[in-house]
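# Descriptive analysis of the structure
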Amino acid sequence: MKYTKTLKRLLGDAIRTDKKMVLYILFACLLGAFAPLVLSLMPKLIVGVVENPGTDAIRRILLISLGFFALEFLVEGVSLYCSNQVIVVANKTRFELMNEQNKKMAAADFKYISDRSIFKMYGMAFEATSGDWGGVTGMLREFARIAPIILSLILIGGVITALSPLTGLLLLLYAITYAYAQRQANKEVIDNDAEINKITDEIRYYNKTAGDFKAGKEIRLFNLKDMILNAYKNVINKKKSFSLRAVNKTFRKSLLSVLILIIAQGIFAYTLILSFKNGSVDTGSFLMYLTLMLQFVLLADRAIEDYEFYVVNQTIYVENLYDLLETDKLNASHGDRDRLSGAVDIEFRNVSFAYPNTDKKILDNLSFKIAKNETIALVGNNGEGKSTIINLLVRLFRPDEGEILLNGVNINEFKEEELYKMFACIFQQVNIYPYTLGNNISMQETYDLERAKRAIEDVGLKERIEEEKNAYERNMSHEVAKDALELSGGQEQKLAISRAVYKDSPILILDEPTANLDALAEHEIYSKLNDLREDRTSIYISHRLSSTKFCDRIILLKGGKIFEEGTHDELMKKKGEYYEMFTIQGKYYTKEA
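Counting buried positions along strand 1 (residues 346-353) yields six of eight residues, so the element is predominantly enclosed. As paired elements, strand 1 and strand 2 (residues 363-370) share five bridges and run antiparallel to each other. Paired with Phe348 across the bridge in strand 2 is Phe368. Both strand 1 and strand 4 (residues 401-406) contribute to a ladder of five bridges, which runs antiparallel.

To continue, consider the packing of aromatic side chains. What characterises a pair of aromatic rings is the spacing of the ring centres plus the angle enclosed by the ring planes. For the structure shown, the criterion picks out ten aromatic pairs. For the ring pair Phe268 and Tyr289, a centre distance of 6.4 Å and an interplane angle of 70 degrees mean the geometry is edge-to-face. Taken as a pair, Phe268 in helix 11 (residues 225-277) and Tyr289 in helix 12 (residues 283-326) lie far apart in primary sequence, 21 residues in all. Residue Tyr289 is classed as buried on the basis of its relative accessible area of 14%. Ring centres of Phe276 and Phe286 lie 5.3 Å apart, and the angle between their planes is 55 degrees; this geometry places the pair in the tilted category. With a gap of ten residues between them, Phe276 in helix 11 and Phe286 in helix 12 connect regions that are remote in the sequence. In this structure Phe276 comes out as partly exposed when scored by relative accessible area, which is 38%. Seen from the ring of Tyr502, Arg451 lies directly overhead, with NZ or CZ sitting 4.2 Å from the centre. The positively charged end of Lys558 is found above the aromatic ring belonging to Phe563, 4.8 Å away from the centroid.

In this section: the environment of Glu473. Considering the arrangement of structural elements, one finds Glu473 in the loop between helix 17 (462-466) and helix 18 (489-503). Here Glu473 is in contact with Thr436 and Tyr447, once residues within four sequence places are set aside. A polar atom in the side chain of Glu473 sits 2.9 Å from the side chain of Tyr447.

The subject of this paragraph is the side chain of Arg395. By secondary structure assignment, the location of Arg395 is in the loop between helix 13 (386-393) and strand 4. Despite being buried, Arg395 has no salt bridge partner; Glu416 is the closest side chain of opposite charge, sitting 5.4 Å away. Arg395 has contacts with His334, Ile411, Asn412, Glu413, Phe414, Lys415, Glu416, Leu419 and Tyr420, leaving out every residue within four places of it along the chain.

What follows is about the packing of helix 3 (residues 41-51) against helix 12. Relative to each other, helix 3 and helix 12 sit at 160 degrees, their axes nearing to 8 Å. On the basis of the axis angle, helix 3 is roughly antiparallel to helix 12. As helix 3 runs across helix 12, the sense of the crossing is right-handed. In this structure, helix 3 contributes Leu41, Pro43, Lys44, Val47 and Glu51 to the contact, and helix 12 contributes Thr283, Gly284, Ser285, Leu287, Met288 and Thr291. Here the residues of the contact of helix 3 with helix 12 are counted per class, giving five nonpolar, four polar and two charged.

The rules we used
- Residues numbered from 1 in each chain as written.
- Predicted model: local features only at pLDDT ≥ 70, side-chain atom pairs only at ≥ 80, totals over all residues.
- Heavy atoms only, no water.
- Buried < 20%, exposed > 50% of the residue type's maximum accessible area, 1.4 Å probe, protein only.
- Helix = DSSP H or I, 4+ residues; strand = E, 2+ residues; numbered from the N terminus.
- Pairing = 2+ DSSP bridges.
- Phe/Tyr/Trp six-rings, centres within 6.5 Å; stacked < 30°, edge-to-face > 60°.
- Lys NZ or Arg CZ within 6 Å of the ring centre and 35° of its normal.
- Contact = heavy atoms within 4.5 Å.
- Polar contact = N/O pair within 3.5 Å; in protein donor to acceptor, adjacent residues only side chain to side chain.
- Lys, Arg positive; Asp, Glu negative; His and termini not counted.
- Salt bridge = Lys/Arg side-chain N within 4 Å of Asp/Glu carboxyl O.
- Axes fitted to C-alpha atoms, helices over the stretch in contact; angles between N-to-C directions.
- Parallel < 35°, antiparallel > 145°, perpendicular 65-115°, else oblique.
- Left-handed = near helix turned anticlockwise from the far one by under 90°.
- Nonpolar A, V, L, I, M, F, W, Y, C, P; charged D, E, K, R; others polar.

Structure representation (structure tokens):
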């Protein structure tokens, strides 16, 4: 069976993580398997003393009781220790697999991340490493707990079968049919995994929205409380409906196994009473057999339910994880060239591109060149391909047709890390990472402090940073540090620009970097960047056209093609679309100023 293969592989990974895992499971199995059988002898021995008391009956009963209590204490203690150690190893294994998973994700081609198709293909893989109860940890922990129970059931079943072979056969049939019922119920969950995840995501969203500080103002001012609560109630009702369907299905499929169990218990009771009457079973043995039957039923129910849910059911998640770790589908091929030295020119040659899972061409047979140390501006309305050009240039996506060249070399010929070294990119969305200010400027674990300070000064943040004590060593995330360094939205955007200054790559790319700044602050930033662009090939993208006056050339995109091209003065004289855009924005800049 497929799940046994996955379980075997996971156990192998756990043993490689810590070879003592074998001992923990072995001790747990030996103690857990024999303990119920041995403990069931206690009533038999005590009844034997009661029936033949002698002069020291009380002392013998006390010794038997103490002996069994000591045995139970020892078994429970060792079992608990082994269980805890299994959990430790299971979590170590989970973290190692999670690390491999993260490496795989980091190396995955960006297109799979951007359109979330990787989560559609391998969504269950992330569930396998996301928590302590299911997935990797759940499978290992529950296997180590259930394996001794299964061995114990086999031993107890053997004792019962010796007395009543028919009962033993029926108990085996009961276990098989009950396991089948549980597997069908779990299959219902797996088959509807997408629906369940959607419902869970909706519940999580409404829980988050209801307590979200950012949404709090609008929820109150627009009186959205009832709308959100009603939507939340509908999702909860969906969850209840699905749970009820699953419970009913389990109940219906379990009826046969319950009937078999009742018959087995009836036959066993009849056989036991007959054996007691004819003297082949004494009173102590009678109680022992009853205890064993009760233990069998209780242990079998729990073992089957937990094994099906935690081991068999979780296999699909762990299996998906191994599929993710083994696949080569997520990785695009890269070249073996190192980065170019000195100034770089750029050429797009007959490039066409549509985003994955869409038919619309964002770029259509586009060709243009950017000379070494030239600064150009890409302008146009939303969706005309400005940011797409950058995504293709830095090889986050690959053209469907055509090629992109740096100094005449196709970008696919460069090693990934060597290609990235040639670009200093600042995007519209600023990400602040949970590291120090110095780390966030340099984007490196170790950095040149003086160089970082110069970068901060170049973007106009020097005075703000000097207000803070030990600013460069302060963490920038409140989730990690209580005294986190906090910047405003506009200051964070300047920080992002300082990264490009620090990196000092031959190609500078700014994709809407001043979106959160006012017109004067934007002008200040572009003035500083104008001083810094020497010996760099630079590309500016902005809906606000204040940056274009600093550029050597402007390319206006429309319909995936170049619609207008020239210097600012040339395009203004042409009085075309660029002229109209700039003139309209100029009025607002004047008012804002």
